[in-house]
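Structure assessment
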Amino acid sequence: MKWEEKITKTLVIVLVLFLAFYLPACICIYIINFCSSCDCVFIHWVRDIQFVLVMANSGVNPFVYAWRLQNFRKAFKSILTCRACVKRLRSISVNLQLASMSFNNAGSVDITAGTFNPAETQD
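What counts and how
- Residue indices begin from 1 for each chain and proceed along its sequence in written order.
- Where totals are concerned, whole chains, interfaces and linings use all residues; where local detail is concerned, this predicted model gives features only for residues with pLDDT of at least 70, and gives and counts side-chain atom pairs only at 80 or more.
- To get the side-chain values, all heavy atoms of the structure are used, and hydrogens and water are removed first.
- Under the DSSP-based scheme used, a helix requires at least four consecutive residues in state H or I and a strand at least two consecutive residues in state E, with every element numbered from the N terminus.
- Relative accessibility decides the category of a residue: with a 1.4 Å probe and only protein chains considered, values under 20% of the type maximum give buried, values over 50% give exposed, and everything between is partly exposed.
- In what follows, a contact means two residues having at least one pair of non-hydrogen atoms within 4.5 Å.
- Note on areas: Shrake-Rupley with a 1.4 Å probe; residue coverage comes only from the protein chains shown.
- UniProt positions are given in the numbering used here, feature names are shortened, and annotations may be inferred rather than shown by experiment.
- Helix axes are fitted to C-alpha atoms over the stretch in contact, other axes to C-alpha atoms as well, and angles between N-to-C directions run from 0 to 180 degrees.
- Each angle gets one of four labels, with under 35 degrees taken as roughly parallel, over 145 as roughly antiparallel, 65 to 115 as roughly perpendicular, and the rest as oblique.
- Charged residues are taken to be Asp, Glu, Lys and Arg, nonpolar residues to be Ala, Val, Leu, Ile, Met, Phe, Trp, Tyr, Cys and Pro, and polar residues to be all remaining types, Gly included.
- A carboxyl oxygen of Asp or Glu within 4 Å of a side-chain nitrogen of Lys or Arg is what we treat as a salt bridge.
- Here is the rule: rings of Phe, Tyr and Trp (six-membered ring for Trp) pair when centre to centre is within 6.5 Å. Planes less than 30 degrees apart are stacked, more than 60 are edge-to-face, and the remainder are tilted.
- Counting as a charge over the ring demands two things of the Lys NZ or Arg CZ atom: a distance within 6 Å of the ring centre and an angle within 35 degrees of the ring normal.
- Two N or O atoms count as a polar contact when they lie within 3.5 Å, although within protein this holds only if one can serve as hydrogen donor and the other as acceptor, and sequence-adjacent residues are included solely when both atoms are side-chain atoms.

Describing the overall build of the protein chain
Tallying secondary structure elements over the protein chain gives 4 helices and 0 strands in all. Helices and strands in the protein chain line up, N terminus first, as α-α-α-α. Every one of the 123 residues in the protein chain was classed for burial, and the buried ones make up 15%. Restricting the contact set of the protein chain to residue pairs at least 6 apart, pairs at least 24 apart contribute 51%. Taken as a whole, the protein chain presents about 9,900 Å² of accessible surface, with 67% of it coming from carbon and sulfur.

Description of the UniProt feature "transmembrane region" (unreviewed entry) in the protein chain
UniProt annotation of "transmembrane region" (unreviewed entry) refers to residues 12–32 when read in the numbering used here. When the span residues 12–32 is considered, its composition is 100% helix and 0% strand, and the gap between its end C-alpha atoms is 30 Å.

A look at the packing of helix H1 (residues 2–34) against helix H2 (residues 40–68)
Close contact between H1 and H2 brings their axes to 8 Å; oriented N to C, the two are set at 175°. Taken together, the axes of H1 and H2 lie roughly antiparallel to each other. In terms of residue class, the contact of H1 with H2 is built from 24 nonpolar, 4 polar and 4 charged.

Some details on the environment of Tyr 65
Locating Tyr 65 in the fold gives a position in helix H2. For the pair Tyr 65 and Ile 13, spaced 52 residues apart in the sequence, the C-alpha separation amounts to 9.5 Å. For Tyr 65, the contacting residues outside a window of four places in its chain are Thr 10, Leu 11, Val 14 and Phe 72.

Observations regarding the pattern of salt bridges
Under the definition given, this model contains 1 salt bridge. With its nearest N and O atoms 3.5 Å apart, the salt bridge here joins Arg 47 to Asp 48. Residue classification places Asp 48 among the partly exposed residues on the basis of a relative accessible area of 39%.

Overview of the packing of aromatic side chains
Scanning all chains against the criterion turns up 3 aromatic pairs. A centroid spacing of 5.6 Å and a plane angle of 50° characterise the contact between Tyr 65 and Phe 72, whose relative ring orientation is tilted. A relative accessible area of 23% places Tyr 65 in the partly exposed class. Positioned above the aromatic ring of Trp 67 is the side chain of Arg 68, whose terminal nitrogen or guanidinium carbon lies 5.6 Å from the ring centre.

Quick word on the side chain of Thr 10
Positionally, Thr 10 belongs in helix H1. Classification of Thr 10 by relative accessible area gives buried; the value is 1%. Looking at Thr 10, its side chain comes within polar contact range of the side chain of Arg 68, at 3.3 Å. Residue contacts for Thr 10: discarding those within four places in its chain leaves Tyr 65, Arg 68 and Leu 69.

So this is what it looks like as structure tokens:
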């Protein structure tokens, strides 16, 4: 029951933030549409404020979930550290080091390293 209460409170927080960001954004849209005497600069400012509010809502959600939910925090951390990406980058680095060691005096590269041979294209 405690888990369900925590999820419910998190969703209520997200919903309140959604309303806090989108309600002023909708008001900005009505100002743009109904203000016939407003100058162009004012309309651009209101449009930009509306855009920032909508984007801010999307940017706040991951932080709310990370603040409230331990599982989301762990998953977010694993995505940011990306252990699989680090392993792949290390293997690419090792392959590049091996390729740089396999250069000979003619400027060609060992074909097992999988790199380009510029000496063959200079005919």
